[in-house]
Amino acid sequence: MKIAVIGASGFVGLRLVERLHLEGRAEVVPVVHAFRSLAVLARFDLPWRVADPANVAALTAALQGCDAVVHAALGDAKQIVTMAAALYPAAAQAGVKRIVALSSAAVHSLTPAPGTTDSTPPLLKQKSEYNTAKARAETILSAARKNGRVELVQLRPGIVHGPRSRLVADVAGQLRDGTAWLVDDGAGICNAIAVDNLIDAIWLALMTPEADGEVFLLNDRETITWRDFYAAIAGAAGTDLRDVHAVTPPVFRSSPSARLARLAATDFAMSLMPVIPARIKRIAKAAAAAWPANHPPDNWRLPDAARPAVHEEMCELQSCRWRFPIAKAERVLGYHPALTFDAAMQRTGAWLRFAGVVRA
Amino acid sequence: MTHFPNMPEPVPVIVSGCGAITKFFYASALAFLEEKRVVRVAAVCDPHEPNRAGIAARFPHAKSVARFEDVPFASDSLVVVASPPRLHATQSIFALEKGCGVLCEKPMAASLADAEAMADAANRTGRPLAVGLYRRFFRATRVIKEICTHGTLGQPVSFEVEEGGAFRWEAASDSFFRREATPGGVLYDTGVHTLDLLLWWFGEPSRLDYRDDAAGGQEANCTLELGYTPGFTGRVRLSRDWATRNTFRLNFTRGSIAWNVGQAGQLTLSLDGVTTVLRGDVLPRHDDGLTLLGHSAGEGSPQAFIHQLINLADAIRGRAALAIPAAEGLRSLRLIEACYRERRAMDQPWLSPAETAGLARLQRRTAA
Ligand SMILES: NC(=O)c1ccc[n+]([C@@H]2O[C@H](COP(=O)([O-])OP(=O)(O)OC[C@H]3O[C@@H](n4cnc5c(N)ncnc54)[C@H](O)[C@@H]3O)[C@@H](O)[C@H]2O)c1
C-alpha cells in the first residue's frame with residue numbers, strides 16, 4: 001500500500017513517516033511544501049514530493065499513484081481552511097481511496113463543555129482564529145465526503161507529546177530556567193496523547209473499513225492532569241516541580257494587540273503549535289516590540305530572577321475540566337493505546353537527551 | 001576601513017547557479033562591488049529559468065544563459081561557482097581552462113577525488129581557485145587562529161562544538177537533499193565550515209569517532225569525536241533537525257574561548273585567575289578600544305562575502321595571494337570522507353524495537 005503524508009516534516013507527519021518506513025508497513029510518499037522541509041526526511045531514501053497543499057492541481061500531481069493520504073500539515077488559519085478545501089478534490093482526482101485528516105480536539109475549544117463527545121459538532125465560532133479554522137476545515141471535509149466517493153476519517157487528538165514536540169521541549173526548558181508555571185496547581189485535565197499512540201490510531205483509521213465518514217477523539221489511556229504532565233517532563237529532564245510558579249489566571253485584556261503582545265511575551269506560547277499557527281507568531285513578535293515593558297527602565301534595581309510569562313491560551317488549556325472520551329475510537333477502530341503515559345515520557349526523555357535539550 | 005583595489009577595469013564576473021546563496025548573498029555583494037567598480041557582472045547562468053530570471057533582473061546588463069557551456073567566457077574573468085556540489089568540479093575546471101579565476105562555493109566538490117582534480121587544474125593553468133570558506137574572514141575566527149598560533153592562552157586542552165538547528169535555508173532546489181547533487185547531509189553542508197575552522201586552528205586530528213542518523217539518505221544529526229597527537233580531544237555535534245547552542249567552546253591551559261557561530265565580530269573569553277568572563281567586540285588594532293569607535297558594526301557574513309570576492313579579484317589581477325586556495329578546501333573534504341568511511345549509527349533510543357531493527361537494516365544498506 002502506498003500512503004502519502006502531507007505535512008511530512010511536521011511533528012506528527014515526520015513521526016508517521018518514520019514509523020511506516022522503519023517498520024516496513026507501507027510505501028510512504030512524504031509531501032512537503034518547501035525544499036527546506038526535506039532536511040530531516042532526507043535521512044531516508046523516499047520518493048518525496050514538493051507541492052503546495054492548498055493548490056488542487058499541484059496536490060493532485062503529488063498524490064498520483066497513492067492509495068491513501070494522511071493530512072498532517074499545519075499552517076495559519078487561512079491556510080488550514082484552503083488546505084482542507086483543496087484536499088478532497090485533489091485526492092479524488094488522483095484516485096486516492098481514503099483520506100485520514102488530522103483535525104484537533106481544539107475544534108471543541110480549549111475549555112470544552114463537560115459532556116463533549118465525538119458526536120459534538122465543531123465550534124465554528126471561537127475566540128481563537130486557529131481553533132475556528134480547524135473547526136471549519138473539519139466541516140468542509142465532512143461536507144465534501146457527503147458528495148464524493150473518497151473515504152474520509154477525521155481524528156481529533158488532544159495535546160500530542162513525544163520526541164520532537166516543541167511543547168515538551170519548551171516545558172523542559174522552562175523547568176530548567178525556573179520559569180515554568182501551573183494554573184490551579186495543575187489540577188486541570190491535560191488531554192494528552194503520545195505521538196506513537198496517535199500514529200497507531202492513524203494506522204487503524206487507514207485500515208478500518210467502518211471508520212469511513214467518522215470522526216474520533218483521541219487520548220492516551222490514562223487521565224492526566226497538567227501537574228502529571230509537567231511532573232513527567234521534569235522526570236524525563238532529570239529535575240522536579242519544586243521551582244514551578246503557581247499562577248492565578250489574570251483577567252486578560254481583550255484588545256487584539258494586547259492578546260498578541262502577550263502571546264509574544266514568551267516563546268512558550270509560540271510553541272503551542274496546535275494552538276497558534278506560524279503567521280500569528282510573527283505578527284505577535286512584531287506586536288510585542290510595540291508593547292510597553294512591565295517595568296519602565298530603572299537603575300535602582302537588582303536583576304530580576306527569571307519570571308514566568310503567563311498567557312491566555314495556556315491558562316485556558318490548563319483550566320480544562322473535561323477528559324475527552326475515547327470509547328468510540330476503542331469500539332470502531334479497536335484503538336487501545338499501546339504506550340502507557342510513563343513509557344511514552346521515557347521515550348521523550350531519551351529524545352530530549354539526544355537533541356541536547358537536556359544534557360546528560 | 002576597507003581599501004578598494006583601484007582596478008583599471010572592473011573584473012568581469014560570471015555567476016553559475018542562481019539559487020539561494022546567490023539570491024541572498026552573492027547578488028548583493030556583487031551589486032555593492034559593481035558600485036565600487038571592482039567587478040562587473042557579465043553573465044548569470046542557471047538552467048532553471050525562474051531562478052535565473054530573479055538574479056538577471058538585478059543585473060540587467062549581464063547575459064542570462066541556461067547552459068554553463070554557452071557562457072561567453074573571457075579570460076581573467078571571475079567565475080562564482082554556486083551550483084549544486086556535484087557540478088562544482090566540472091564547472092570549475094572548465095572555467096580555469098578558459099583562463100578564469102574561480103570562487104567555488106563550499107563544499108569544494110562532491111568527492112575528495114573531484115576536489116583534487118580541481119586543485120590540479122588550478123596548478124596546471126596557473127589560475128586562482130578559491131573556496132568559499134567565508135568564515136575564515138570573520139574577525140572572531142581570525143583572533144582564535146592567532147591565539148592558537150601564538151599559544152596566547154597556552155596549549156589546547158579540549159573543545160566542544162554544537163552547531164545547527166532546524167533547517168531554514170530557503171533552498172531554491174532540492175540539491176541539498178538528493179544524493180546525486182550532494183553526497184552527504186549536515187556534515188557535508190554546514191559541517192564543511194565547522195571542520196574547516198577546526199582544521200585551520202588545530203591542524204589535522206589523528207583519530208576520530210563519527211556517528212550519524214542517516215538511514216538510506218543524508219544525515220540530519222551527527223556527532224564526531226576528534227583526537228589530536230599532542231593529547232587533546234574535541235567533540236562536535238551538528239544538527240539540521242533541532243536547535244543547538246551554536247557555540248564553539250575551546251579550552252586551553254590558561255583560559256577558554258566561547259564563540260557563537262552567528263557573531264562574526266564577537267568573542268567570550270575566560271582567563272585563568274579571573275573569576276568573571278569577558279565578552280566583547282573584536283576590533284582592529286588601530287581602534288584599541290579607547291575611542292570606542294568602529295565596534296563590530298559592519299562585521300558579519302555579508303562583509304565576509306564581499307572580502308572573499310575582493311580577494312579573488314585582487315588575485316586575478318596578480319595583486320594579492322589567495323586567502324583560501326584550493327589546498328585549504330581539500331582539508332575538510334579529506335576529513336569528511338574519513339568520517340563517512342568510519343560511520344557508525346547514532347543511538348536513537350526512543351525508537352521501538354521494530355523501528356530500531358528497520359533502522360539497522362537501512363543503515364547497513366547505506367554502508368554497502
Ligand atoms: N557559504 C555558505 O555558507 C553556503 C550557504 C548555502 C549554500 N552554499 C553552497 O552554495 C551552492 C548552492 O547552494 P544554494 O543554497 O544556492 O542551492 P539551491 O538549491 O538554492 O540552488 C542551486 C541552484 O543551482 C542551479 N543549477 C542546477 N544545475 C545547474 C547548472 N548545471 N549550472 C548552473 N546552475 C545550476 C539550480 O537550478 C538552482 O537554482 C552549494 O554548493 C551550497 O553548498 C554555501
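Residues numbered from 1 in each chain as written. Chains lettered and ligands numbered in written order. Predicted model: local features only at pLDDT ≥ 70, side-chain atom pairs only at ≥ 80, totals over all residues. Heavy atoms only, no water.

Undergrad: Explanation requested: the packing of aromatic side chains in the structure shown.
TA: Any pair of aromatic rings gets described here by the distance separating the centres and the angle formed by the planes. All names here are of chain A. One pass over the full model with this rule turns up 29 aromatic pairs over all chains. Ring geometry for F229 and F341: centres 6.4 Å apart, planes at 35°, overall tilted. Taken as a pair, F229 in helix α7 (residues 226-236) and F341 in helix α13 (residues 341-354) lie far apart in primary sequence, 112 residues in all. Of the two residues, F229 and F341, neither departs from the other in class, the shared state being buried. (Phe/Tyr/Trp six-rings, centres within 6.5 Å; stacked < 30°, edge-to-face > 60°. Helix = DSSP H or I, 4+ residues; strand = E, 2+ residues; numbered from the N terminus. Buried < 20%, exposed > 50% of the residue type's maximum accessible area, 1.4 Å probe, protein only.)

Undergrad: Teacher, can you tell me more about the sheet that holds strand β5 (residues 101-104) of chain B here?
TA: The pairing of strands in a sheet comes from backbone hydrogen bonds and takes either a parallel or an antiparallel form. Residues and elements named next belong to chain B. Spatially, the six strands line up as an open sheet ordered β3-β2-β1-β4-β5-β6, and their pairing is parallel. Because the sheet does not close on itself, it has two edges, and the strands there are β3 (63-65) and β6 (129-131). Strand-to-strand twist of the sheet, defined as the mean angle between neighbouring strand axes without regard to direction, takes the value 20°. Here strand β1 (residues 11-16) pairs with strand β4 (residues 78-81) via four bridges, running parallel. Looking at the pairing, S16 lines up with V81 of β4. (Pairing = 2+ DSSP bridges. Axes fitted to C-alpha atoms, helices over the stretch in contact; angles between N-to-C directions.)

Undergrad: Would you take a moment to explain the domain arrangement of chain B for this structure?
TA: Residue and element names in this part refer to chain B. Its domain assignment divides chain B into domain 1 (11-134 + 300-325) and domain 2 (136-295 + 332-354). One C-alpha centre belongs to domain 1, the other to domain 2; they are set 26 Å apart. The interface of domain 1 with domain 2 comprises 29 residues on the first partner and 23 residues on the second. Interface area, domain 1 with domain 2, both sides summed: about 2100 Å², of which 69% is carbon and sulfur. Our enumeration of links across domain 1 and domain 2 arrives at one salt bridge. A salt bridge links K106 to D189; the nearest nitrogen and oxygen atoms lie 2.7 Å apart. Counting across the domain 1 and domain 2 interface gives 12 residue pairs in polar contact (both at pLDDT 80 or more). Residue assignment for the side of domain 1 that touches domain 2 shows that the elements contributing at least two residues are α1 (20-35), α4 (112-125) and α7 (301-316). Take the side of domain 1 that touches domain 2: its biggest share by element is five residues, from α7. (Domains from an automatic or database assignment. Contact = heavy atoms within 4.5 Å. Buried area = accessible area lost by both parts, 1.4 Å probe. Salt bridge = Lys/Arg side-chain N within 4 Å of Asp/Glu carboxyl O. Polar contact = N/O pair within 3.5 Å; in protein donor to acceptor, adjacent residues only side chain to side chain.)

Undergrad: I tried to follow empty space enclosed by the protein on my own but got confused; where do I start?
TA: Over the atoms, a rolled probe matching the size of one water molecule traces out where space is still vacant. Residues and elements named next belong to chain A. Within the structure shown, the criterion is met by three cavities of 30 Å³ or more. Put simply, the largest cavity is a space of about 110 Å³. Along its surface, the largest cavity is lined by 13 residues, and H71, L102, K134, A137 and L141 are the ones closest to its centre. Sorting the residues of the lining of the largest cavity by element identifies α3 (77-94), β5 (98-102) and α4 (129-147) as the ones contributing at least two each. At four residues, the largest contribution of residues to the lining of the largest cavity is made by α4. Classifying every residue of the lining of the largest cavity by side-chain character gives eight nonpolar, three polar and two charged. Reported here for the second largest cavity is a volume of approximately 40 Å³. (1 Å grid on protein atoms, 1.4 Å probe; cavity = no way out; pocket = protein on both sides within 12 Å on 5 of 7 lines; lining within 4 Å. Points joined across faces, edges and corners; volume = space filled by probe spheres on them. Nonpolar A, V, L, I, M, F, W, Y, C, P; charged D, E, K, R; others polar.)

Undergrad: How do you make sense of the environment of A:V12 when you look at a structure like this?
TA: Residue placement: A:V12 occurs in helix α1 (residues 11-22). Considered as a pair, A:V12 and A:A73 are 61 residues apart in the sequence and their alpha carbons are 8.9 Å apart.

Undergrad: Even after reading the chapter, I still don't get the nonpolar core, so can you show me in this structure?
TA: What tends to happen in soluble globular proteins is that the nonpolar side chains get buried as a cluster. Formed by 107 residues in total, the largest nonpolar core has its most connected members in B:L78, B:F159, B:L198, B:W201 and B:F202. Examining the composition of this core, we find that nine residues originate from one element, α7(B), more than from any other. Shared between two domains, this core takes at least three residues from each, and those domains are domain 1 (11-134 + 300-325) and domain 2 (136-295 + 332-354) of chain B. What B:L78 contacts, discounting residues up to four positions off in sequence, is B:V11, B:P12, B:V13, B:I14, B:G101, B:L103, B:L309, B:L312, B:A313 and B:I316. In this structure, A:V17, A:L41, A:M345 and B:W350 belong to the second largest nonpolar core, which totals 95 residues. (Core = buried A, V, L, I, M, F, W, Y, C linked by side-chain atoms within 4.5 Å.)

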